[in-house]
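# Descriptive structure summary
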Amino acid sequence: MPLFLKLLRLIFIGIFGISVAAGIVGVGAYLYFAPGLPSVSTLKDVELQVPLKVFSRDYKLIAVYGEKRRQPLQIKEYPQAVIQAFLAAEDDRFYEHPGVDYQGLLRAAIEVIRYREIRSGGSTITMQLARNFFLGSEKKLVRKIREIFLALEIEHIENLSKDEILELYLNKIYLGNRAYGVGAAADVYYGLDVDELNYAQVAMIAGLPKAPSKFNPIINPSRAVQRRNYVLRRMYELDYIDTETYENSIAAPATASRHYPRVEVDAPYIGEMVRAHIVDTYGTEDAYNKGYRVFTTIDTRLQQAARTALVSGLKAYDHRHGYRGAEAQVEINQAILEEIDTAQLDETLSEMTDVGGLLPGVITNITEQEIQVYIGAEQTITIPLGNAIWARPYLNENSVGDEPSDFRKIFNIGDVIRVTTEDAKQWYLAQIPSVSGALVSVDPSNGSILALVGGFDYYYSKFNRAVQAKRQPGSSFKPFIYSAALDSGYTPASIINDAPVVFEDVALEDTWRPQNYSGKFFGPTRLRVALFKSRNMVSIRLLNDMGRRHAMQHVTKFGFDRERLPYDLTLALGSGVVSPLELASGYTVFANGGYHIEPYLIERIENDKGEILYQAGDLVFCEIECSLINDEIDDYDEIEDIQISGEQIDTTVINTDETKNAINEDRLATRVLDEENAYQMVSMMKDVIKRGTGRKAIELGRDDLAGKTGTTNNQHDAWFSGFNGDVVATVWVGFDQDKPLGKREVGGTAALPIWMDYMRIALESNEENTLRTPEGIVTMRIDPKTGLLVDQDSDRGIEETFREEFIPTSSVEIDNQITYQQENFESGGEVIEIPEQLF
């Protein structure tokens, strides 16, 4: 046999032997490692760790919660450029090999022999997927072998295509800065969706899997550009891009910067309420990683209006009470002002945050008429004296000093202050308000929370005053007392004597001498007038006359917690404690014609696949008491249609098992107030705005508005709650430390303007909407002094509404229970003994 053939035979035998040996080794290795390999079949049902997202009812993003930023996409949603960039960077033979690229493995094997370690890796996209899902990231030979076997198994999973493998990879891969997946990386680095990226940006992201920290375009832009250009060159070599695209992309500057979730609605208090609920419902681990999407009832337009109104109102209060001075002082050598160390100032400012749009700054120069303020990033702004004219020195809650005339008398070089601007051209002196506030708005027809702001700035104070603050409502609680009086037979024309009275408490051996806010007394007063004038003495006498038991039973129907309401006559002045949301909820009963509807915030919860996990039920109206889940439901006859705020609502409830189940599942609106009572109360509260303590709201130019101011002792709290048939809103203003606001800061001054600013926007496109007149209500002419009827055919007197069964007698008849002794109005008052508490 010729030598050549012998050599060829030996080579063949050698190759065959090596192949057999390699096969035996491979089989042996597989048999050795297989028992310890995880099951790759789970990839078919993999659940990526996706953060919790909260949206408004119009699908605008409110908040994102979760450690990992991820936006999973389907493979068809990825642009071709993205797919090609990753193939060029990581595995251009992905669609050809069976999960393992033997050329790459050979290269890795040579590295092991030469360097005794794996350097380039030789990993395919499938192998990287195996590593990301099932293995660690250390470059060990044993891990690499496991990776190979797992990749081969992945490629053989039934019904798992190459495209699906690539989709998992693009959604799973870590790309730095807490970004997992290409969708999240596009958002984190460029603030864009994947279909908005250009080739340079795509290549930058595709270069990250190799070393997310080393090639991070924010931390290491020069290295990142080198890696980007490598990816672009590979795309060019593979004919994915043409010469012009390649050259333009190579020349493109690095534009990556840190982008945070693109929140579209400024509602962090809402976001936190939802986050806490989801954690409580589903547990911490699932809440932050299961990709829940929560759609709230918040209206984006109204939420923005609420935030703007509250912030503006708190600033206005703060300006009325003067300037409290600089926040801090930084030492600056005035001899070398031209060479100020901005790095030192930047360090100082970095420790201070933007609060409600008020930026921190350091004064670097002062003249009589202007100050120069360094606000960071090499930027110095100028504030003229005219833009700080409000800054009278704060003396106490009731007084301020003189208007500023010289900046040099107010500030020093190095003072740290707050500034603000609307257009980056005109800058103004500012300060963080020390006062707090809240605004909450509810749709009275269904209980949905339309807007909620729990303070001046959530990141400055996370205490949610709209739901967590429990404060005395003051006179804004009076409508519930007056409603109880109407329920016990009083009318808006009933006369109560507004005169001093002394109450002696037998149990406490003490006396109570309540007064009106003005300190004056006005004698016999009709209930309507007493309400819109907010007469304390009438409210107290009214509660004493009707009885505390009846009043307590009535007001708790509005949803108030009995444990937080005093069982004494101070209840008439709002001495219990409620949250702004609870008070707004109570007012919805008046606005919707008598139904108590529990406010709700979450409309729907979906998982990351869009499947609905929770949906707020339909609203079921009940004319008698409804029962919730697990409660016994009585037999119902068919209930007639109910009209709320002029809109006809079908509320037929039929006695069937199916209906009972529906009531258990649905949200309930229980009638707690007859429509005649609700109508009369709305009518009386309209006069609060037309003629009473809320008359500033006349400027809104609407006839369907009703509400009530509220002020507590020594002006610790200022309230306004008001509504029409579409919107209820409650505003509270006060200090968290419960101290006086100032003797002029009543509800009509501190809270009402905020309510007006909100309602102006909330109702700008709404037609007027108020309760229709119930069949049992009649309008009669009365004598305004006595509340008795006059000749109905004459033009004497004024019109008043009555329930048919409570129409007063004619004016010629005398009500012996009422006496008129004008000379006694300012006397020490009659003494009434308070009986011991009934329960």
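Residues numbered from 1 in each chain as written. Predicted model: local features only at pLDDT ≥ 70, side-chain atom pairs only at ≥ 80, totals over all residues. Heavy atoms only, no water.

When you go through the chain residue by residue, the secondary structure sums to 22 helices and 32 strands. Buried positions account for 51% of the 839 residues belonging to the chain. Sequence-distant contacts, at least 24 apart, represent 70% of the contacts inside the chain between residues at least 6 apart. Accessible surface computed for the chain: about 39900 Å², of which carbon and sulfur atoms make up 48%. (Helix = DSSP H or I, 4+ residues; strand = E, 2+ residues; numbered from the N terminus. Buried < 20%, exposed > 50% of the residue type's maximum accessible area, 1.4 Å probe, protein only. Contact = heavy atoms within 4.5 Å. Areas by Shrake-Rupley, 256 points an atom, 1.4 Å probe, with all protein chains shown as cover.)

Take the nonpolar core next. In terms of nonpolar packing, the biggest core is built from 79 residues, with Phe480, Tyr482, Phe590 and Phe723 touching the most fellow members. If near-sequence neighbours (up to four positions away) are discounted, Phe590 is found in contact with Pro479, Phe480, Ser483, Phe558, Leu673, Ala678, Met681, Val682, Met685, Phe723 and Leu771. Leu160, Ile173, Ala206 and Ala211 belong to the second-largest nonpolar core, a separate cluster that totals 50 residues. (Core = buried A, V, L, I, M, F, W, Y, C linked by side-chain atoms within 4.5 Å.)

With that settled, the discussion passes to the sheet that holds strand β2 (residues 61-65). Pairing is mixed in the open sheet, where 5 strands are placed in the order β2-β1-β5-β21-β22. Of all strands in the sheet, those bounded by a partner on one side alone are β2 and β22 (612-615). Taking each pair of neighbouring strands and ignoring which way they run, the sheet shows an average axis angle of 15 degrees. Sheet topology note: the strand β21 (residues 602-606)/β22 ladder contains 3 bridges and is antiparallel. Paired with Arg604 across the bridge in β22 is Gln615. With respect to the sheet, helix α11 (residues 268-282) is in contact with β1 (52-55), β2, β5 (293-296), β21 and β22, its orientation differing from that of β2 by roughly 45 degrees. (Pairing = 2+ DSSP bridges. Axes fitted to C-alpha atoms, helices over the stretch in contact; angles between N-to-C directions.)

Positive phi, close to 65 degrees, is recorded for Tyr59, a residue that is not glycine. Checked against the element boundaries, Tyr59 lands in the loop between β1 and β2. Of note, the phi angle at Gln715 is positive, near 55 degrees, even though the residue is not glycine. Along the chain, Gln715 turns up in the loop between β27 (706-711) and β28 (717-723). Residue class for Gln715 comes out buried when judged on its relative accessible area of 11%.

A word on the environment of Met537. By secondary structure assignment, the location of Met537 is in helix α17 (residues 536-546). The exposure class of Met537 is buried, given its relative accessible area of 0%. Residues Met537 and Ala499 lie 38 residues apart in sequence; the distance between their C-alpha atoms is 6.6 Å.

Taken as a whole and assessed by the stated rule, the structure comprises 24 aromatic pairs. Ring geometry for Phe558 versus Phe590: centroids 5.3 Å apart, planes at 50 degrees, classification tilted. Taken as a pair, Phe558 in the loop between α18 (548-555) and α19 (580-591) and Phe590 in helix α19 lie far apart in primary sequence, 32 residues in all. An identical accessibility class is assigned to Phe558 and Phe590; each is buried. (Phe/Tyr/Trp six-rings, centres within 6.5 Å; stacked < 30°, edge-to-face > 60°.)

This next bit is on the packing of helix α2 (residues 80-90) against helix α6 (residues 162-172). Two elements in contact, α2 and α6, have axes separated by 12 Å at closest approach and are oriented at 85 degrees. In this view, α2 runs roughly perpendicular relative to α6, as classed from their interaxial angle. In this structure, α2 contributes Ile83, Phe86 and Glu90 to the contact, and α6 contributes Leu166, Tyr169 and Leu170. The residue inventory of the contact of α2 with α6, partitioned by class, reads 5 nonpolar, no polar and 1 charged. (Parallel < 35°, antiparallel > 145°, perpendicular 65-115°, else oblique. Nonpolar A, V, L, I, M, F, W, Y, C, P; charged D, E, K, R; others polar.)

This brings us to the pattern of salt bridges. Using the criterion set out here, one finds 38 salt bridges in the structure. Between Arg307 and Asp266 there is a salt bridge, with the nearest N and O atoms lying 2.7 Å from each other. Of this pair, Arg307 sits in helix α13 (residues 300-320) while Asp266 sits in the loop between α10 (243-251) and α11; the two residues are 41 residues apart in sequence, bridging distant segments of the chain. For Arg307, a relative accessible area of 13% translates into the label buried. (Salt bridge = Lys/Arg side-chain N within 4 Å of Asp/Glu carboxyl O.)

Next up on the list: α19. In a regular helix each residue adds 1.5 Å, so 12 residues correspond to 16 Å; α19 covers 16 Å between its end C-alpha atoms and thus fits that length. Extensive coverage of α19 is indicated by the burial of 11 of its 12 residues. When α19 is considered as a whole, its buried residues turn out to be Pro580, Leu581, Leu583, Ala584, Ser585, Gly586, Tyr587, Thr588, Val589, Phe590 and Ala591. (Expected span 1.5 Å × (residues − 1).)

We now examine the confidence of the model for the chain. Per-residue pLDDT for the chain averages 84, and the proportion of residues at 70 or more is 80%. The low-confidence segment residues 25-38, where pLDDT is below 50, has 17 contacts with residues more than four positions distant or belonging to other chains. (pLDDT = per-residue confidence, 0-100.)

In this sheet, strand β13 (residues 427-430) lies alongside strand β12 (residues 415-421) in antiparallel orientation, the contact comprising 4 bridges. Counted as the bridge partner of Val419 is Leu429 from β13. Turn length for the β12-β13 hairpin, with the two strands adjacent in sequence and antiparallel, is 5 residues, and the turn residue Ala424 shows positive phi of about 65 degrees.

Inspection of the secondary structure assignment puts Ser483 in helix α15 (residues 478-487). Polar side-chain contacts of Ser483 include one of 2.8 Å to the side chain of His554. Engagement of the side chain of Ser483 in a polar contact is seen with the side chain of Asn677, the distance being 2.9 Å. Here Ser483 is in contact with His554, Phe558, Phe590, Leu673, Asn677 and Met681, once residues within four sequence places are set aside. (Polar contact = N/O pair within 3.5 Å; in protein donor to acceptor, adjacent residues only side chain to side chain.)

A word on the environment of Val453. Mapped onto the secondary structure, Val453 falls in strand β15 (residues 449-453). Among the residues examined, Val453 registers a relative accessible area of 3% and is labelled buried. Residues Val453 and Ser441 lie 12 residues apart in sequence; the distance between their C-alpha atoms is 9.2 Å.

Moving on, we come to the packing of α13 against helix α22 (residues 747-762). Packed helices, taken two at a time, are described by their axes: the angle between them and the distance between them. Between α13 and α22, whose axes approach to 8 Å, the crossing angle comes to 155 degrees. With respect to α22, the axis of α13 lies roughly antiparallel. Crossing handedness for the pair α13 and α22: right-handed. Contacts from Arg301, Leu302, Ala305, Ala306, Ala309, Leu310, Gly313, Leu314 and Arg320 in α13 reach Thr749, Ala750, Ile754, Asp757, Tyr758, Ile761 and Ala762 in α22. Counted by class, the contact of α13 with α22 contains 11 nonpolar, 2 polar and 3 charged residues. (Left-handed = near helix turned anticlockwise from the far one by under 90°.)

Here we have 3 strands laid out as an open sheet, ordered β20-β26-β23, and mixed in their pairing. Every interior strand has two partners, whereas the edge strands, β20 (595-597) and β23 (619-622), have only one. Neighbour-to-neighbour, the strand axes of this sheet turn through a mean angle of 25 degrees, independent of strand direction. Of the strand pairs in this sheet, β23 and strand β26 (residues 667-671) are connected by 4 bridges, and their pairing is parallel. Counted as the bridge partner of Phe621 is Ala669 from β26.

Positionally, Tyr595 belongs in strand β20. Under the relative-accessibility criterion, Tyr595 is labelled buried at 0%. With 38 residues separating them in the primary sequence, Tyr595 and Lys557 have C-alpha atoms 9.6 Å apart. A distance of 2.9 Å separates the side chain of Tyr595 from the side chain of Arg671, its partner in a polar contact.

The next subject is the side chain of Ser441. Tracing the backbone through its elements, the reader meets Ser441 in strand β14 (residues 436-442). With a relative accessible area of 0%, Ser441 lands in the buried category. One polar contact links the side chain of Ser441 to the main-chain carbonyl oxygen of Val728, over a distance of 3.0 Å. Beyond its immediate stretch of four places on either side in the chain, Ser441 contacts Ser448, Ile449, Leu450, Ala451, Val727, Val728, Ala729 and Tyr758.

With that settled, consider α2. Residues lying three or four places apart along an α-helix face the same way, a consequence of the helix completing one turn every 3.6 residues. Counting buried positions along α2 yields 10 of 11 residues, so the element is predominantly enclosed. Of all the positions in α2, only Ala81, Val82, Ile83, Gln84, Ala85, Phe86, Leu87, Ala88, Ala89 and Glu90 are classed as buried.

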